[in-house]
Amino acid sequence: MNKYAHVFLTSLKQQLERRASWIMERVRSLTLILSLYFLWNSLLSDPTKGFLGYSHSQMMTYVLGLALLRALVITSRAFELTWEIAQGRLSHLLMRPMDLFAYQLSLDLSDKAVRVASAALEVAVLAYIFDAPLFVAHPASALLAGVSVTLSVLLYFFIGLCMASSGFWSSESVGFLWAAGLLIEFASGAFFPLDVLPDTLAHALRLLPFPYLVYFPLNVYLERFSDAEIAQGLILQSFWVVGCWLAARWIWRIGIKSYQAEGG
Amino acid sequence: MRTLRRYARIWWRLAAMSFSETWNTRINSLGWLLGKLVRLIFFFIFIVAIFKHTDSIHGYTLPEASLFFLTFNVVDLLAQLLFRGIYGLRRIVTEGELDFYLVQPVNVLFRVACQTVDFLDCVVAVPVLALTAWAIAQLPAGTVTPGNLTLYILLIANGTLIAFAMHVLVAALAVYSQQMENAIWLYRDLMVLGRFPVDIYAKGMQMVLTFLVPIAVMTSFPTKALIGLLSARWIAYALLLSTVSIGVSLWLWLKALAHYSSVSS
Amino acid sequence: MPAIIADALRKTFKIPKRKPGLRAAIASFFHKETLAIEAVKGITLSIQDSEVVGFLGPNGAGKTTTLKMLSGLLYPTSGTLRTLGYVATDRDKDFLKSITLVMGNRSQLWWEIPVADSLLLNKEIYELSDSRYQENLDELVTLLEIGDVLAMAPKKLSLGQRMKAELAAALLHRPRLLLLDEPTLGLDVVMQNKIRKFLTDYNRRHGATILLTSHNMQDLTELCKRVIIIDHGSLIYDGLLKSLIESYAPQKRIRIDFAQAPTLAQCQGAGLTATRDGEAFVNAPRAQVPDVTSSLLGRSGKDLPAIIDISIDEPSAEDVIRTIFAQGNLRTRP
């Protein structure tokens, strides 16, 4: 078996062992979704009126989709690397005949697998219980959204690696990483669609890679973009993926060099 | 009175020690603080921004909706400031620190709850309180009476007491089972439901949040009382709830300690 | 008044017995099967004020359980216990102010901040006045030689320094009863000696009662006149360390250093066992040691080579106790 597949499976088993932290994580995800779901449900209670151009079903689908994308995209174990670096334990990863990024991606994917499965079940149950009006997209839109989500996964993975590399230069970066993570969640639309924000702020955020994590793919699915906008968005998203990948490679090369120089 | 003064001094000592711990890792702490502020500010911007496109959230105006959100923060901050130690229960139980607390002449629950005092939350309290004052000032003239305001503060205190009871309950569970020391984080995750007025939720959920996991009583009741939407009956219920829940949780805590003393090896 | 009186003290733990699997987990929710484990099986003992007593026994013998009952951390299952005249588990404030508990593998100090802060916290907890705090602290700093340690955080201290700081925190309120569980665990020989010397001094100065468990035989031989041996939850010996050795090692070893190596025949004739070139020994019952010695000296230079030196060795406590545990039985109170 491929060694990365093996890493994936081993990590999967390990996660199934950690039931307590799984429950905690699900409750956290569920309460957030419930609070956002009912907030929007209340704001869009009049079915004739939309909100910011979102119809009732579009907004409810955004919230439920956000639950899925949080599990699928905004999940990373890269921050464990920060800890490993700070503890001087990176060497044992570097010494193995494995590509560090591929190894880390296998770990991430196993995390995502468990979370997506859980989140999908929750979303289905919520949608059923509260009879959520779901937006059903044209298969082509769904496909395009799928392409975009794939890119989002890679994009977040590389962003995570860039952030985790901070461990090479400071042992006290965990707090900042948490803050940056929160900021990214807000800027990606993982709490609410960016259209809600004041125009200047929303425009400024669009210049960053973060909206491509959640906001963009969801809006592709909700068919709120023109074909030209989708094409332009996908190109920019690909550009960001490549950019962040290069940045991650570059910064890790420097980091590892300085790590080895210190004999860590 | 002497006991009170003594406990105040011990609390002060613990607070000072927590502070120097925070200060030791000040760069890291600054990061955590920043995160807390980011969360507060973005949610506040979100609420204000919503009102650019609508007049009300479930019939509540901007200052009212802000007050629900801010009051949730006030109760949460008070709990963090006063009972933060419960979040360290894992270390306290598994590393045997509890044994030291038990052989020292200080109330064990007090020691557990106040072992750490979260100073970052003190900093966050500044914008929260400022914004709360701003939101109260924005309410239409005549809404806020001295009576309402007193009731508001009273119900916040009452909410903090219920929060205390929930913390003690979880602590009792953890000490009893010597597992689930992290269960207190569930409380924090559930509390998130109190960010918005409880009225937005489905009826069944409202019942749960009022009677079963009384987050509504802790976070929504004070604001409702302030804007004159809470009947005397509900106020009585809130006071009764805190009394009963504190009684029950303290009783369970003593049970748990007794159990600990018969099983720990 | 004795510091500790225990009569037929027992402790039985109920340990949940559960098969693995979800079904068993659910079943156990309704009906818990438990396994009773008798950690302490009826110990009776009395310890006088100012005594230093060592608790001895193999792992899992019930030493720590007993210590925890004495400190009030554990409820005895049955039996009566008075520690300093109190029912320990009542956690009476005055009682708690008179005892202290030190566990070699645990710490009450705050890991990241200076030791002095932890001491100040204990000042408030034990309600020490400024002057008493200063007086006690000064004494501990001198005895433990920790003047330079106070300003440092435990995480930056060596294990030995940390143990000293731990003792300072535990003794700041000048307790009358010290319960020490493995106080020298993991320390190097030099540090072990310092801790032992400190405890001896402390006991002399303040007449504090000290009870300690230890795996370290030297702790017991140097600190305690009296030892209590527990095995499988039962008390199997309670008495002077000296008499334990006398009754379990009735012989002493006489070692002789000869000017030149004795022949095999010479050795056999005198009942000696040769060890290496020019040295031999003989075991003799205590009472006959003088006779045997003088008889050997009388044969020096005659049918034995000239004797240069004779020494008489007490068998080490460690040897004796090892023998006792190896044999697995012991008469109580010889």
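What this report covers is the structure whose coordinates are included nearby. Since we're looking at a predicted model, the values are computed, not measured.

Digging into the pairing of strand S12 (residues 279-285) of chain C
One face of the sheet, then the other: side chains in a regular strand alternate in exactly this way.
Residues and elements named next belong to chain C.
Right, on to step 1. Most of S12 is tucked away: 5 of the 7 residues are buried.
Right, on to step 2. Pairing analysis gives 2 bridges linking strand S11 (residues 273-274) to S12, with the strands arranged antiparallel. Following the sheet pairing, threonine 273 is matched in S12 by phenylalanine 281.
Right, on to step 3. The turn linking S11 back onto S12 is made up of 4 residues, and glycine 278 within it adopts a positive phi angle of 80 degrees.

Comments concerning the nonpolar core
Right, on to step 1. Counting 263 residues, the largest nonpolar core has A:Trp40, A:Trp252 and B:Trp253 as its most contacted members.
Right, on to step 2. Sequence-distant contacts of B:Trp253, that is, excluding residues within four places in its chain, are made with B:Val108, B:Leu109, B:Val112, B:Val168, B:Ala171, B:Ala172 and B:Val175.
Right, on to step 3. Within the second largest apolar cluster, 13 residues are counted, among which are C:Ile254, C:Phe258, C:Ala270 and C:Ala284.

Points about a nonpolar patch on the surface
Residues and elements named next belong to chain B.
Right, on to step 1. There is a patch of nonpolar side chains on the surface, built from Leu169, Leu240, Val244, Val248, Trp251 and Leu252 and spanning about 550 Å² of accessible area.
Right, on to step 2. A per-element tally of the nonpolar patch places helix H12 (residues 232-263) first, with 5 residues.
Right, on to step 3. Turning to its location among the elements, leucine 252 is positioned in helix H12.
Right, on to step 4. Its relative accessible area of 31% is what places leucine 252 among the partly exposed residues.

Quick word on the interface of chain C and chain B
Right, on to step 1. Taken residue by residue, the interface counts 31 residues in chain C and 32 residues in chain B.
Right, on to step 2. Carbon and sulfur atoms supply 59% of the area buried between chain C and chain B, which totals about 3000 Å² over both sides.
Right, on to step 3. For the pair chain C and chain B, the number of links is 6 salt bridges.
Right, on to step 4. With its nearest N and O atoms 2.6 Å apart, the salt bridge here joins C:Arg106 to B:Asp99.
Right, on to step 5. At the junction of chain C and chain B, the tally comes to 12 residue pairs in polar contact (both at pLDDT 80 or more).
Right, on to step 6. For the side of chain C that touches chain B, the secondary structure elements donating two or more residues are strand S1 (4-17), helix H2 (63-71), helix H3 (93-98), strand S5 (99-103) and helix H4 (115-125) of chain C.
Right, on to step 7. The leading source of residues in the side of chain C that touches chain B is H4(C), at 8 residues.

Side note on the sheet that holds strand S7 (residues 209-213) of chain C
All names here are of chain C.
Right, on to step 1. Overall, mixed pairing links the 6 strands, which are arranged S5-S6-S7-S3-S8-S9 in an open sheet. At either end of the open sheet lies a strand with only one pairing partner, and these are S5 and strand S9 (234-240). On average, each strand axis in the sheet is tilted by 15 degrees relative to the strand beside it, whichever way the strands run.
Right, on to step 2. Bridge analysis of strand S8 (residues 226-231) against S9 gives 6 bridges, and the strand direction is antiparallel. By the bridge assignment for S9, isoleucine 229 is matched with tyrosine 237.
Right, on to step 3. Along the sheet face, H2 touches strand S3 (52-56), S5, strand S6 (177-181), S7 and S8 and points at about 155 degrees away from the line of S6.

Regarding the interface of chain B and chain A
Right, on to step 1. Taken together, the 38 residues of chain B in the interface contact 30 residues of chain A.
Right, on to step 2. Contact between chain B and chain A buries roughly 3200 Å² in total, counting both sides, with carbon and sulfur atoms accounting for 82%.
Right, on to step 3. Among the residues of chain B in contact with chain A, B:Phe42, B:Phe46 and B:Asp189 are the three that bury the most area, contributing 19% of the side total.
Right, on to step 4. The interface formed by chain B and chain A holds 1 salt bridge in total.
Right, on to step 5. Note that A:Arg28 and B:Asp189 form a salt bridge whose closest N and O atoms lie 3.0 Å from each other.
Right, on to step 6. For the side of chain B that touches chain A, the secondary structure elements donating two or more residues are helix H2 (26-50) and helix H9 (184-191) of chain B.
Right, on to step 7. Here the side of chain B that touches chain A gets 17 residues from one element, more than from any other, and that element is H2(B).
Right, on to step 8. Residue composition of the side of chain B that touches chain A, grouped by class: 23 nonpolar, 10 polar and 5 charged.

About the thresholds
Residues numbered from 1 in each chain as written. Chains lettered and ligands numbered in written order. Predicted model: local features only at pLDDT ≥ 70, side-chain atom pairs only at ≥ 80, totals over all residues. Heavy atoms only, no water. Buried < 20%, exposed > 50% of the residue type's maximum accessible area, 1.4 Å probe, protein only. Helix = DSSP H or I, 4+ residues; strand = E, 2+ residues; numbered from the N terminus. Pairing = 2+ DSSP bridges. Core = buried A, V, L, I, M, F, W, Y, C linked by side-chain atoms within 4.5 Å. Contact = heavy atoms within 4.5 Å. Patch = residues over 30% accessible without salt bridge, like charges linked within 9 Å, V, L, I, M, F, W, Y side chains within 5 Å. Areas by Shrake-Rupley, 256 points an atom, 1.4 Å probe, with all protein chains shown as cover. Salt bridge = Lys/Arg side-chain N within 4 Å of Asp/Glu carboxyl O. Buried area = accessible area lost by both parts, 1.4 Å probe. Polar contact = N/O pair within 3.5 Å; in protein donor to acceptor, adjacent residues only side chain to side chain. Axes fitted to C-alpha atoms, helices over the stretch in contact; angles between N-to-C directions. Nonpolar A, V, L, I, M, F, W, Y, C, P; charged D, E, K, R; others polar.

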